[in-house]
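# Summary of structural features
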Protein chains: 2
Amino acid sequence: MRNVNERELPGTGRGRIDKRSAILDAAVKVFTREGYAQAGIDAIAAAAGVAKPTLYNHFGDKENLFRVVMRDGAERTANRIVAALASLPDDGQDLAAELERVAHRVVECQLSDEGWALQRLLYAEASRLPDLYDQVVARGSQPVQDVLAGRLSSLANRGHLDLDDPAVAAAQFIALVSGNLPGLSALGTRPVAPADLATAVRTGVDTFLRAFGTPRRRPARRP
Amino acid sequence: MRNVNERELPGTGRGRIDKRSAILDAAVKVFTREGYAQAGIDAIAAAAGVAKPTLYNHFGDKENLFRVVMRDGAERTANRIVAALASLPDDGQDLAAELERVAHRVVECQLSDEGWALQRLLYAEASRLPDLYDQVVARGSQPVQDVLAGRLSSLANRGHLDLDDPAVAAAQFIALVSGNLPGLSALGTRPVAPADLATAVRTGVDTFLRAFGTPRRRPARRP
DNA sequence: CTGAAACTGAACTCGCGAGTTCAGATCGGA
DNA sequence: TCCGATCTGAACTCGCGAGTTCAGTTTCAG
């Protein structure tokens, strides 16, 4: 049998390609498909095309592997959303349409298989691994809210929005726009009709603008 | 030893008191404390003061027991919330304060240990038991939204709110008022400072009234 | 009083999965 | 060419937990 150093067989997966990232990719898939408890180390190793001891060499144990997977996933998702937010222009041109466009992108990240799965995994294990929750928030939702708050603040400064507190507005924007998603997609276990999605986003943005749109006066604060 | 039909010893739990409900009570506690996978049938039986075969006689297997627990829990929680909503008056007297009061009650149900635990369990097992999700929604969130929509609609008919669609407004009210809860309480794993809770509720109601309060005109629909 | 139904407790089966061990293969670098 | 690090595969340990079995007990209706 001649040596096969010129190419790796994809299935068997021998060679010096990054075992570590292969394991992480496989772990994401298996964890998100099966859940933490149901996911088997054997299955992950097999999916990664790697021997079990290799996996243990890299990650120590199952729980630690899970932590790394969650942190990476949160960061990846957050980066995608932040990139989408960065494309929100500062001039108030067609503000409603722009907000809808951005909201769509944000919402799509949550609707992705990975997004939902990460959220479910986080909920499921939050009480067992409270520190993990903090880390995921720090790398995930926090930066998203901060960036969004910044954009909204820009718009407010130029008179296109009427806000008291950009951070609150950012949180409420996200709540309004994605509050219906769990129901629509049954926590991500069912596909969402694009029309339903569009409606959800539109009504969310509508209400946001009813509250914070600039042509309108805001109601007097109650005593 | 004289007969003890006048009273059961609470600890040992012998006698004809409802074994079934004793098991359910214990199951709620153990499932919510440990999560589905970690919860042991032995632990549940022990907590219920019941022998394992009795448990299996009543519920067949672990998964079915879990289903019953979740359905019951959803119904119980929904009933509490609905009761709170029913106390929302129809006259617009001090509308903001009344909305806040109701929102507080709604939010407290989600903040309760059982509320959070049920939500985490639902998220965790939704992909494995999709039908369960439907049932929980049908007995849990759906009635709540319907009742709330009814109350809001009443208020709108009397000119105290300015709504297009009461169902949408109800969903958005809940989203605005409880959107911050996961972050505040770290998915229910940490206590929430009453002041933070009050702020979250107040800002949610504020924004809701900015969007739907009656003195204001609603922004023109965009093309 | 009696017999059926429900309950008990303890021991048992059985499969699963996390983590380990080890002898050998493979690779990169010097 | 050779060393050390890394990877492999397969077999193994070990504990855990779901579900069962069974012989004996309690309860209650008739």
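For the structure given in this document, a descriptive report is provided here. (Residues numbered from 1 in each chain as written. Chains lettered and ligands numbered in written order. Predicted model: local features only at pLDDT ≥ 70, side-chain atom pairs only at ≥ 80, totals over all residues. Heavy atoms only, no water.)

### Remarks on the overall build of chain A
To be explicit about the condition: Helix numbers and strand numbers start at the N terminus; a helix is a DSSP run of H or I with at least 4 residues, a strand a run of E with at least 2. Buried residues are those whose accessible area, probed at 1.4 Å on protein chains only, stays under 20% of the maximum for their type, while exposed residues exceed 50% and partly exposed ones sit between those limits. Contact criterion: two residues are considered in contact whenever any of their non-hydrogen atoms come within 4.5 Å of each other. Using a 1.4 Å probe, the Shrake-Rupley method yields the accessible areas, and only the shown protein chains count as cover for residues.
Looking only at helices and strands, chain A has 11 helices and 0 strands in total. In chain A, the order of α-helices and β-strands from amino to carboxyl end is α-α-α-α-α-α-α-α-α-α-α. With 223 residues in all, chain A has 45% of them scored as buried. Of the contacts formed within chain A by residues at least 6 apart in sequence, a portion of 71% connects residues at least 24 apart. Just so you have it, chain A exposes about 11,000 Å², and 50% of that area is on carbon and sulfur atoms.

### So, the relation of the copies chain A and chain B
How we decide: A least-squares fit on C-alpha atoms brings the copies together, and the residues used are those whose pLDDT is at least 70 in both copies.
The transform that puts chain A on chain B rotates by 180° and translates by 0.0 Å along the axis, for an RMSD of 0.1 Å. On the angle and the small slide along the axis, the relation comes out as a two-fold axis.

### Comments concerning the pattern of salt bridges
Quick reminder of the rule: Between Lys or Arg on one side and Asp or Glu on the other, a salt bridge is scored when a side-chain nitrogen of the former is within 4 Å of a carboxyl oxygen of the latter.
According to the stated counting rule, one finds 28 salt bridges over all chains in the structure shown. Salt-bridge contacts for Arg-151 of chain B lead to Asp-90 of chain B; the nearest nitrogen and oxygen are separated by 3.3 Å. Note that Arg-151 of chain B is positioned in helix α8 (residues 141–157) and Asp-90 of chain B in the loop between α4 (62–86) and α5 (95–111), a separation of 61 residues in sequence. Taking relative accessible area as the criterion, Arg-151 of chain B reaches 21% and is therefore assigned partly exposed. Here Arg-202 of chain B and Glu-100 of chain B are joined by a salt bridge, their closest N and O atoms 4.0 Å apart. Placement of Arg-202 of chain B in helix α11 (residues 194–212) and of Glu-100 of chain B in helix α5 is noted, with a sequence separation of 102 residues between them. Using a relative accessible area of 40% as the deciding quantity, one classes Arg-202 of chain B as partly exposed. One salt-bridge network, held together by shared partners, links Glu-63, Arg-67 and Asp-131 of chain A.

### Notes on the interface of chain A and chain B
How big an interface is tends to be stated in terms of the accessible area lost upon association of its parts. Let me state the cut-off plainly: Buried area is calculated as the accessible area (1.4 Å probe) missing from two parts once they are joined, with the contributions of both summed.
Between chain A and chain B, the residue contacts involve 45 residues of the former and 46 residues of the latter. Around 3,800 Å² of area is buried between chain A and chain B when both sides are counted, 57% of it from carbon and sulfur atoms. For the interface between chain A and chain B, the tally reads 6 salt bridges. Residue Asp-162 of chain A pairs with Arg-210 of chain B through a salt bridge whose shortest N-O separation is 4.0 Å. Mapped onto the side of chain A that touches chain B, the elements with two or more residues apiece are α5 (95–111), α6 (113–125), α7 (130–139), α9 (166–178), α10 (181–185) and α11 (194–212) of chain A.

### Topic: helix α2 (residues 41–48) of chain B
Along an α-helix, a turn takes 3.6 residues, which lines up residues three or four apart on a common side. Residues and elements named next belong to chain B. Rule in force here: The reported arc concerns the directions from the helix axis to the C-beta atoms and nothing else.
Buried residues of α2: Ile-41, Ile-44, Ala-45 and Ala-48, and no others. End-on, the buried residues of α2 take up no more than an arc of 95°, which puts them together on one face. For α2, the exposed residues set more than 90 degrees away from the buried face come down to Ala-46 and Ala-47. In the core, the buried residues of α2 are packed alongside α1 (19–34), α3 (52–59) and α4. Gly-49 lies just past α2 and shows a positive phi near 65°.

### Here we look at empty space enclosed by the protein
Note the following rule: Grid points spaced at 1 Å and placed over the protein atoms alone form the basis of the search, with a cavity being a set where a 1.4 Å probe fits but cannot get out and a pocket an open set showing protein on both sides within 12 Å along at least five of seven lines. Lining residues have an atom within 4 Å of a point. Grid points are joined across faces, edges and corners, and a volume is the space filled by probe spheres set on the points. Side-chain classes are defined by residue name, with Ala, Val, Leu, Ile, Met, Phe, Trp, Tyr, Cys and Pro counting as nonpolar, Asp, Glu, Lys and Arg as charged, and the others, Gly among them, as polar.
Inspection of the entire model under this criterion finds 2 cavities of 30 Å³ or more. Estimated volume of the second largest cavity: approximately 40 Å³. Lining the second largest cavity, in full, are Ala-175, Leu-176, Gly-179, Asn-180, Ala-200, Thr-203 and Gly-204 of chain A together with Ala-171, Gln-172 and Ala-175 of chain B. Elements represented by at least two residues in the lining of the second largest cavity include exactly α9 and α11 of chain A together with α9 (166–178) of chain B. Along the lines of polarity and charge, the residues of the lining of the second largest cavity split into 5 nonpolar, 5 polar and no charged.

### Details of the packing of helix α8 (residues 141–157) of chain A against α9 of chain A
All names here are of chain A. Selection criterion: In this description, a line fitted to the C-alpha atoms serves as the axis of each element, helices being fitted only across the stretch in contact, and the angle between N-to-C directions of two axes falls anywhere from 0 to 180 degrees. These descriptions rest on fixed angle ranges, namely under 35 degrees for roughly parallel, over 145 for roughly antiparallel, 65 to 115 for roughly perpendicular, and the rest for oblique. The sense of a crossing depends on the near helix, which, turned anticlockwise from the far helix by less than a right angle, makes the crossing left-handed and, turned clockwise, makes it right-handed.
Two numbers describe how α8 lies on α9: the axes approach to 8 Å, and their chain directions differ by 115°. When the interaxial angle is binned, α8 and α9 end up roughly perpendicular. For the element pair α8 and α9, the recorded crossing hand is right-handed. Where α8 approaches α9, its residues Val-144, Gln-145, Leu-148, Ala-149, Leu-152 and Ser-153 are matched on the opposing element by Pro-166, Ala-167, Ala-169, Ala-170, Ala-171, Phe-173 and Ile-174.

### Brief notes about the side chain of Thr-77 of chain A
Residue and element names in this part refer to chain A. Its place among the elements puts Thr-77 in helix α4 (residues 62–86). We classify Thr-77 as buried; its relative accessible area is 13%. Setting aside its immediate chain neighbours within four residues, Thr-77 contacts Cys-109 and Leu-118.

### A closer look at unusual backbone geometry
All names here are of chain A. Of note, Asp-94 is a non-glycine position whose phi angle comes to about 55°, a positive value. One can find Asp-94 in the loop between α4 and α5. With a phi angle near 55°, Leu-187 is a residue other than glycine that sits in the positive phi range. Position of Leu-187 among the secondary structure elements: in the loop between α10 and α11.

### Description of the packing of aromatic side chains
Formally: Aromatic pairing here means that ring centres of Phe, Tyr or Trp (its six-membered ring) are within 6.5 Å. Orientation follows from the plane angle: under 30 degrees is stacked, over 60 is edge-to-face, and everything else is tilted.
Scanning the entire structure with this criterion turns up 11 aromatic pairs over all chains. Judged by centre distance (5.2 Å) and plane angle (75°), the ring pair of Phe-31 of chain A and Phe-66 of chain A falls under edge-to-face. Pair noted here: Phe-31 of chain A is in helix α1 (residues 19–34) and Phe-66 of chain A is in helix α4, with a separation of 35 residues, a long-range link. Of the two residues, Phe-31 of chain A and Phe-66 of chain A, both sit in the buried class. Ring geometry for Phe-208 of chain B against Phe-212 of chain B: centres 5.1 Å apart, planes inclined by 55°, an arrangement best described as tilted. Remark: Phe-212 of chain B and Phe-208 of chain B occur in helix α11; sequence separation between them is 4 residues, near one turn of the helix.

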